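# An overview of the molecular structure
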Amino acid sequence: MTVTPPPNAGPRPGPATAPPATFGTSASPATSAADVQPSMGELVSKASQHLSTLVRSEIELAKLELRSTVKNAGVGAGAFIGALVVLVFSLTFGFLALAEGIAALGLDRWLAFLIVFVFQLLVVGVLVFVGIRKIKRVKAPERTISTSKETVAYLRNHA
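Bear in mind that the values here come from a model prediction, so they are computed numbers and not experimental data.

Thresholds, definitions, all that
- Residues numbered from 1 in each chain as written.
- Predicted model: local features only at pLDDT ≥ 70, side-chain atom pairs only at ≥ 80, totals over all residues.
- Heavy atoms only, no water.
- Helix = DSSP H or I, 4+ residues; strand = E, 2+ residues; numbered from the N terminus.
- Buried < 20%, exposed > 50% of the residue type's maximum accessible area, 1.4 Å probe, protein only.
- Areas by Shrake-Rupley, 256 points an atom, 1.4 Å probe, with all protein chains shown as cover.
- Expected span 1.5 Å × (residues − 1).
- Patch = residues over 30% accessible without salt bridge, like charges linked within 9 Å, V, L, I, M, F, W, Y side chains within 5 Å.
- Salt bridge = Lys/Arg side-chain N within 4 Å of Asp/Glu carboxyl O.

## Some thoughts on the overall build of the chain
- The secondary structure content of the chain amounts to three helices and zero strands.
- In the chain, the succession of α and β elements from N to C terminus is α-α-α.
- Scored against the burial criterion, the 159 residues of the chain give a buried share of 3%.
- Surface summary for the chain: the accessible area is close to 14,600 Å², and the carbon and sulfur share equals 69%.

Printed below as a string of structure tokens:
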């Protein structure tokens, strides 16, 4: 027959039981990790570190996105410039063909080329006229300048 001790009888005789060891901490066994709260300085320091990491990560993401965007824009601009160069050289052949076509209608060759040349001068004149009119309409961004001045004045007075 086996005798069982009552439930509140305490530890059974035998080897002594030690509290579990906590390595690397100087806290007494009575305090737990939930009882230890970081100081305000530690919290601010951790928040600053996290914010700094977040800002650096966002900047790195922006750099990656911009690098891809700038690369695509550069390739697109290069394609447009290449097309413009081919167009300029093609215009020479188009004007030669136009002059030869006019000459084939029965006019002297020199007169056909003169007609094409005068046509080109008229096109240049119209483009210069339109360009000058548009340039005269360009004005300083007055609203932006005034609001910028107001912002600077406000910051100087309230800083």
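## What about helix 1 (residues 40–104)?
- Over its 65 residues, helix 1 runs 93 Å from end to end, which matches the ideal 96 Å to within 8%, given 1.5 Å per residue.
- One or two steps after helix 1, the chain reaches Gly 106, where phi turns positive at roughly 120 degrees.

## A few points about a nonpolar patch on the surface
- A grouping of Trp 110, Leu 114, Phe 117, Val 118, Leu 121 and Leu 122 is seen on the molecular surface, where their side chains present a nonpolar patch of about 630 Å² in accessible area.
- With respect to the element layout, Val 118 can be found in helix 2 (residues 109–136).

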